[in-house]
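# Fold and contact review
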Amino acid sequence: MLKRRTESGPMELTEHDDIRNRRKRAVKTAWALAIVAIMIFVAFILSGVLGT
Amino acid sequence: MSIESHDIAHDDHHDHKPSGFLDRWLYTTNHKDIGTLYLVFSLLMFFIGGSMAMVIRAELFMPGLQLVEPEFFNQMTTMHALIMVFGAVMPAWVGFANWMIPMMIGAPDMALPRMNNWSFWILPFAFTMLLSTLFMDSGGPAAGWTLYPPLSLQGGQSFAFVVFAVHMMGISSIMGSINVIATILNMRAPGMTLLKMPLFVWTWLITAFLLIAVMPVLAGAVTMLLTDHFFGTSFFNAAGGGDPVMFQHIFWFFGHPEVYIMILPAFGVVSEIIPTFSRKPLFGYTAMVYATASIAFLSFIVWAHHMFTVGMPLTGELFFMYATMLIAVPTGVKVFNWVSTMWQGSMTFETPMLFAIGFVVLFTIGGLSGLMLAMAAADLQYHDTYFVVAHFHYVLVPGSVFALMAGAYYWLPKWTGHMYSEKWGKIHFWVSAISVNILFFPQHYLGLAGMPRRIPDYSTQFADFNMISSIGGFIFGASQLIFVGVIVHCVYKSRQVATGRVWEGAKGLEWTLSSPPPYHSFNTPPVIDSTTIAHVEEAH
Amino acid sequence: MKKQNTFIVAAAVTAAVIAAFWLLLAAPAYTGNAINMTQGVTSQSVLSYQLHMIILWICVVIGIIVFSAMFYSIVMHRKSKGHEAAQFTHSTKAEIVWTIIPIIILIVMAVPATTALVNMEVAPETEMTIKITGFQWRWKYQYVEDEIEFISSLDTGSNFARRLASGTDPSSVENYLLNVDKPLVLPANTKIKFLITADDVIHSWWVPALGWKRDAIPGFINEAWTEVMEPGTYRGQCAELCGKDHGFMPIVLNVLPKAEYQAWVNQQRQGMAHEQAEIERLWARDELMDLGQEVYAAQCATCHQADGQGLAPAFPALAGSPVANGPVDENIAVILHGREGTAMQAWGRMLSDSDIAAALTYTRNAFGNETGDVVQPQTIARIKNG
């Protein structure tokens with residue numbers, strides 16, 4: 001893997017930093033957030049339905 | 001200095017932009033092009049919303065109705081707010097996020113480029129739909145941007161278009177926010193820890209969480225309005241057992257975080273600009289991050305201060321009053337930190353710095369009148385008067401909009417590779433800063449003297465200040481044409497080439513790139529070291 | 001030379017800014033217009049005024065301190081003066097100080113803010129009750145104990161001058177937009193309870209001199225109270241956007257000394273007895289047409305227009321309308337009960353039977369409508385009472 005020397009000493013780039021893995025994690029984050037958003041929407045509609 | 005020990009073969013094609021017009025703009029997945037689209041779109045909306053404000057100020061120039069019928073006046077106030085909030089200010093900040101976040105955290109692009117394209121291209125359709133209602137038989141929405149039922153339910157068939165337009169804007173904002181969060185959490189260059197991120201990135205991260213939390217709430221509220229209007233439900237209809245006040249609670253549960261959505265990125269931009277032109281690190285970086293987070297948290301528990309007159313129980317009123325007063329603490333920390341950043345600096349006053357200082361002063365005036373409005377007993381007088389209009393325009397116009405302009409002048413040389421005209425930038429600032437006060441300051445007087453908001457005509461005792469305010473409005477409106485002139489000149493005509501760093505005191509990863517930056521910013525993650533980034537974790 | 005130029009520019013800009021602010025602050029002195037909240041005439045308005053002044057001065061002082069520090073820095077710590085930038089990044093001590101001090105100020109502020117709110121909201125034992133109902137776009141007042149009720153609308157002078165391009169100069173109208181046909185008459189030095197509600201959309205009842213406003217919400221009854229210390233005339237307006245004529249539904253209070261108020265109540269009672277007699281008698285066609293024209297101009301013309309042509313699309317024309325020319329019973333039902341989902345209101349609760357009968361007679365025989373019908377007040381009374 002890629003190695004870099006930085007002012008705080010050498011820093012190793014791992015599998016974790018690989019761009020493909022990052023993209024996979026990004027998609028997971030996105031789905032999690034989308035589900036949260038949909039749940040909030042449904043919860044507020046339901047609160048209206050149950051409230052009346 | 002740090003050196004990369006392994007050289008990486010650069011992508012030969014990394015600076016090739018798509019050649020066709022449609023390929024470049026319609027199908028684009030590039031964060032910079034999408035950022036540009038957002039910014040151009042929001043500028044267009046700023047002028048459409050602004051021309052509605054000119055209609056409003058022209059009608060209010062003198063007592064008596066001279067230009068428009070009251071119904072159309074109400075459509076103008078409603079549309080002005082919807083366009084400015086959802087069409088101008090919010091997309092402008094998303095535009096800044098698109099352009100700057102990948103460059104600031106050392107990423108090649110946004111995490112989800114295709115969704116990025118989609119979240120922008122929904123907007124033109126949403127606003128075409130919203131604006132088209134003005135040409136329909138039943139006219140545009142006229143119940144205020146707050147869409148309070150039962151009044152909003154009296155609108156005709158065009159109301160369905162308004163609701164769907166709001167849905168589309170909401171979807172666009174949510175997708176934009178998901179992208180921002182996914183990018184910031186996953187795409188930072190190795191070594192760019194959260195507490196090394198520029199403050200603009202921090203404020204946007206928090207803003208994006210606010211958006212995801214509250215845009216679905218707005219979507220739910222307008223959906224219930226839609227079914228009340230067209231499908232005979234009674235969510236908010238008292239006659240059918242519904243509760244019109246419940247809508248106000250839901251709306252402001254969205255609405256109060258919404259106003260912070262418009263101001264938090266402004267805090268971020270100002271926190272980038274003031275250190276640059278003071279040639280001094282931002283004072284109290286960590287405190288700024290925590291202050292932003294506390295403001296975001298508090299925004300969820302203060303909503304009913306918009307509703308002190310609906311007849312809440314006394315304990316409820318007291319709770320919302322105290323919670324609202326608390327916001328003054330983190331907001332105060334921010335203002336003190338900006339002043340301390342300037343303190344003992346070596347300041348110069350280029351246009352971005354002028355707008356940033358204008359922001360600090362005038363936003364603080366709006367913040368202080370906000371503290372006054374928090375006093376529930378006094379708010380029973382202030383509520384729904386021009387005092388409120390003055391207050392929120394101070395925080396939104398010389399607040400949020402000035403920060404947008406500061407950011408535009410600050411990064412324009414980076415984006416285009418050319419310097420803008422400093423002389424015209426300064427003229428733009430001074431004319432705007434003086435006229436915006438002539439426009440909004442007298443509105444404090446009008447409100448205290450008893451003029452309600454959202455009225456097309458007024459008693460003659462309010463005539464003088466309305467005329468002064470209108471004159472300020474016309475000058476402010478016209479002076480924004482200077483802004484367009486400066487941008488057009490900078491993009492197409494300016495011969496003065498910008499360096500990569502652009503500003504002497506500028507720090508941060510975006511300034512390590514050329515001006516204009518390569519089409520894909522950091523194909524190789526940059527090395528993070530204290531000489532290039534603006535903030536280094538504080539040694540305690 | 002360069003430095004001198006900068007100085008001149010800086011001085012000019014500072015002068016311009018100071019001049020602008022001075023003008024803004026001094027303008028009221030020249031125009032004679034109010035720029036501040038007034039004390040009002042109730043204990044509540046005094047409380048909100050005092051709270052307003054305290055918080056205003058606190059804000060002014062905070063503003064002066066913050067801006068002075070900032071402008072001192074702007075003047076002294078500039079590169080053109082050769083000031084070198086310090087490189088400090090934080091100061092825990094300073095940050096704690098400017099977190100604690102605002103908290104202390106807020107805690108101190110919370111005391112008068114809480115006292116004022118509690119004193120305003122907690123109603124004492126009241127001596128009389130008025131029910132206020134907001135309609136698009138007029139107020140209805142009911143004196144619960146004295147059984148008096150009436151509608152209060154924008155006065156004819158303002159109503160005429162306020163039309164688009166009316167050609168009437170608003171300054172020639174006395175109390176333009178702040179005058180009504182029938183003011184709410186109240187006794188001074190009496191604790192009065194208000195029950196505030198609305199019939200169609202949300203309104204907000206606000207007279208600044210009383211020190212508060214309260215939303216009038218359909219389906220809800222909000223309580224508020226007042227005790228006016230000074231007899232006099234006080235004016236206010238609807239404060240919550242309620243549709244096209246939101247700006248044209250003022251409130252006028254006529255506060256009388258107790259004895260005069262009692263005389264007014266007696267007079268109203270006699271008027272009501274007279275009105276009852278009027279409903280029972282048979283009216284001549286011309287009488288009905290004359291009164292009908294008046295009622296139409298005051299109540300109906302806002303929407304249906306003076307010429308009966310309406311205002312498309314929300315407000316239909318009456319001229320040639322199938323309702324105004326159709327069966328009289330259906331027409332009466334529309335007037336009494338309104339039309340759900342439109343701006344047409346249930347006038348049965350707002351106008352007297354004579355007024356409704358007259359307006360019906362007029363609209364069925366004007367604007368080219370020629371039904372020849374004469375609607376008697378007793379017919380309306382009979383239908384209303386089932």
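Bear in mind the structure is a predicted one, so any value in this text is a computation, not a measurement. (Residues numbered from 1 in each chain as written. Chains lettered and ligands numbered in written order. Predicted model: local features only at pLDDT ≥ 70, side-chain atom pairs only at ≥ 80, totals over all residues. Heavy atoms only, no water.)

### Observations concerning the overall build of chain B
Within chain B, the secondary structure is distributed over 15 helices and one strand. On C-alpha atoms alone, chain B measures out to a radius of gyration of 23 Å, which is about the 24 Å that the 2.2 N^0.38 rule sets for 540 residues. Principal axes of the C-alpha set define a box for chain B whose edges measure 75 × 50 × 50 Å. Looking at chain B as a whole, 71% of its 540 residues qualify as buried. Here the contacts in chain B between residues at least 6 apart in sequence split such that 83% fall between residues at least 24 apart. (Helix = DSSP H or I, 4+ residues; strand = E, 2+ residues; numbered from the N terminus. Rg over C-alpha atoms; globule rule 2.2 N^0.38 Å. Buried < 20%, exposed > 50% of the residue type's maximum accessible area, 1.4 Å probe, protein only. Contact = heavy atoms within 4.5 Å.)

### Notes on empty space enclosed by the protein
Taken as a whole and judged by the stated rule, the model has five cavities of 30 Å³ or more. Looking at the largest cavity, its volume works out to about 60 Å³. As for the largest cavity, its lining consists of B:Tyr38, B:Phe86, B:Met90, B:Pro91, B:Val94, B:Leu123, B:Met169, B:Ser172 and B:Ser173. Here the lining of the largest cavity takes four residues from helix α3 (residues 70-105) of chain B, the largest share from any one element. Along the walls of the second largest cavity sit B:Ala143, B:Tyr148, B:Pro149, B:Pro150, B:Leu151, C:Val201, C:Ile202, C:Glu240, C:Leu241 and C:Cys242, which together make up its complete lining. Taken together, the residues of the lining of the second largest cavity break down into nine nonpolar, no polar and one charged. (1 Å grid on protein atoms, 1.4 Å probe; cavity = no way out; pocket = protein on both sides within 12 Å on 5 of 7 lines; lining within 4 Å. Points joined across faces, edges and corners; volume = space filled by probe spheres on them. Nonpolar A, V, L, I, M, F, W, Y, C, P; charged D, E, K, R; others polar.)

### Here's the deal with the packing of helix α5 (residues 159-186) of chain B against helix α6 (residues 199-230) of chain B
Working note: a packed helix pair is described by the angle between its axes plus the distance between those axes. Residues and elements named next belong to chain B. Contact geometry of α5 with α6 gives a least axis separation of 8 Å together with a crossing angle of 155 degrees. Taken together, α5 and α6 sit at an angle that is classed as roughly antiparallel. Helix-helix and strand crossings are classified by hand; for α5 and α6 the assignment is left-handed. For the contact of α5 with α6, the per-class residue count stands at 26 nonpolar, six polar and no charged. (Axes fitted to C-alpha atoms, helices over the stretch in contact; angles between N-to-C directions. Parallel < 35°, antiparallel > 145°, perpendicular 65-115°, else oblique. Left-handed = near helix turned anticlockwise from the far one by under 90°.)

### Observations concerning the interface of chain B and chain C
Counting residues at the interface gives 102 residues for chain B, matched by 96 residues for chain C. When chain B packs against chain C, the two sides together hide about 8,700 Å² of surface, and 70% of this comes from carbon and sulfur. Contributing elements (two or more residues each) for the side of chain B that touches chain C: α3, α7 (244-278), α9 (314-326), α10 (328-342), α11 (351-374), α12 (376-382), α14 (422-448) and α15 (463-493) of chain B. Top contributing element to the side of chain B that touches chain C by residue count: α10(B), with nine residues. Residues belonging to the side of chain B that touches chain C are distributed by class as follows: 60 nonpolar, 27 polar and 15 charged. (Buried area = accessible area lost by both parts, 1.4 Å probe.)

### What to know about unusual backbone geometry
Here the bond from B:Ser515 into B:Pro516 is cis, since omega is -5 degrees, no more than 30 degrees from zero. Positionally, B:Pro516 belongs in the segment after α15. For the bond running from C:Gln136 to C:Trp137, omega is -5 degrees, close enough to zero to count as cis. Despite not being glycine, C:Gln305 shows a phi value in the positive range, around 70 degrees. A positive phi is found at C:Phe367, a non-glycine position, where the angle reads about 55 degrees. When you line up the elements, C:Phe367 lands in the loop between α8 (353-363) and α9 (377-384).

### A closer look at the arrangement of the chains
Pairwise contact counts over the two pairs of chains in contact peak for chains B and C. At their nearest point, the C-alpha atoms of chain A and chain C are still 14 Å apart, with no contact between the two.

### What about the packing of aromatic side chains?
For the coordinates displayed, the defined rule picks out 64 aromatic pairs over all chains. Measuring from centroid to centroid gives 5.6 Å for B:Phe355 and B:Tyr409, while their planes differ by 15 degrees, and the two rings are stacked. With B:Phe355 in helix α11 and B:Tyr409 in helix α13 (residues 386-416), this residue pair connects regions lying 54 residues apart in the sequence. Each member of the pair, B:Phe355 together with B:Tyr409, is buried. Considering the side-chain rings of B:Tyr394 and B:Phe440, the 6.5 Å spacing of their centres and the 65 degrees angle between planes classify their relative orientation as edge-to-face. Placement of B:Tyr394 in helix α13 and of B:Phe440 in helix α14 is noted, with a sequence separation of 46 residues between them. In this structure B:Tyr394 comes out as buried when scored by relative accessible area, which is 1%. On the basis of relative accessibility, which here comes to 6%, the residue B:Phe440 falls in the buried class. The side chain of C:Arg162 reaches across the aromatic face of C:Phe248, ending 4.2 Å from its centre. (Phe/Tyr/Trp six-rings, centres within 6.5 Å; stacked < 30°, edge-to-face > 60°. Lys NZ or Arg CZ within 6 Å of the ring centre and 35° of its normal.)

### With respect to the packing of α9(B) against helix α3 (residues 92-121) of chain C
Between α9(B) and α3(C), whose axes approach to 11 Å, the crossing angle comes to 155 degrees. By the angle class used here, α9(B) and α3(C) are roughly antiparallel. The handedness of the crossing between α9(B) and α3(C) is right-handed. When α9(B) is examined against α3(C), the residues B:Leu314, B:Glu317, B:Leu318, B:Met321, B:Tyr322, B:Met325 and B:Leu326 are found in contact with a partner set consisting of C:Leu106, C:Met109, C:Ala110, C:Ala113, C:Thr114, C:Leu117, C:Val118 and C:Glu121. Grouping the constituent residues of the contact of α9(B) with α3(C) by class yields twelve nonpolar, one polar and two charged.

### Focus on the pattern of salt bridges
One pass over the full model with this rule turns up 14 salt bridges over all chains. The salt bridge partner of C:Lys79 is B:Glu504, with a shortest N-O separation of 2.9 Å. Within this pair, whereas C:Lys79 is found in the loop between α2 (43-76) and α3, its partner B:Glu504 is found in the segment after α15, the two belonging to separate chains. Since its relative accessible area comes to 35%, C:Lys79 is described here as partly exposed. A residue is classified by how much of its surface remains accessible, and B:Glu504, at 53% relative accessible area, is exposed. The closest approach of N and O atoms between C:Asp245 and C:Lys244, which form a salt bridge, is 3.3 Å. (Salt bridge = Lys/Arg side-chain N within 4 Å of Asp/Glu carboxyl O.)

### With respect to a nonpolar patch on the surface
Residues and elements named next belong to chain A. A contiguous nonpolar patch, built from Ile 38, Val 42, Leu 46, Val 49 and Leu 50 and spanning about 470 Å² of accessible area, is present on the exposed surface. Structurally, Val 42 can be placed in helix α1 (residues 19-51). Exposure remark for Val 42: the relative accessible area of 40% places this residue in the partly exposed category. (Patch = residues over 30% accessible without salt bridge, like charges linked within 9 Å, V, L, I, M, F, W, Y side chains within 5 Å. Areas by Shrake-Rupley, 256 points an atom, 1.4 Å probe, with all protein chains shown as cover.)

### Here we look at the sheet that holds strand β8 (residues 222-226) of chain C
All names here are of chain C. In space, the five strands of this open sheet follow the order β3-β2-β1-β5-β8, with mixed pairing throughout. For this open sheet the edge positions go to β3 (148-152) and β8, each flanked by a neighbour on one side alone. Across the sheet, the axes of successive neighbouring strands diverge by a mean angle of 20 degrees, strand direction being ignored. Across seven bridges, strand β1 (residues 128-135) lies against strand β5 (residues 192-198) in parallel orientation. Bridging from a neighbouring strand, Thr 133 pairs with Thr 197 of β5. Lying over the sheet, helix α5 (residues 258-280) contacts β1, β2 (138-143) and β3, oriented at roughly 90 degrees with respect to β3. (Pairing = 2+ DSSP bridges.)

### Regarding the pairing of strand β10 (residues 250-256) of chain C
All names here are of chain C. Counting buried positions along β10 yields six of seven residues, so the element is predominantly enclosed. Relative to β10, strand β9 (residues 232-238) runs antiparallel, the two being bridged by six bridges. Bridge pairing in β10 links Thr 233 to Asn 254.

### Things to note about the side chain of B:His393
Residues and elements named next belong to chain B. Structurally, the position occupied by His 393 is in helix α13. With relative accessibility at 16%, the residue His 393 sits in the buried group. Beyond its immediate sequence surroundings of up to four residues, His 393 is in contact with His 80, Pro 398 and Phe 440.

### Considerations on the sheet that holds β10(C)
Residues and elements named next belong to chain C. An order of β4-β10-β9-β6-β7 is seen for the five strands of this open sheet, with the pairing classed as mixed. Edge positions in the sheet fall to β4 (184-187) and β7 (212-216), since each of these pairs with one other strand and no more. Between one strand axis and the next, the sheet turns through 25 degrees on average, direction left out of account. Bridge count for strand β6 (residues 203-207) against β9 is two bridges, and the pairing is antiparallel. Paired with Trp 206 across the bridge in β9 is Gln 237.

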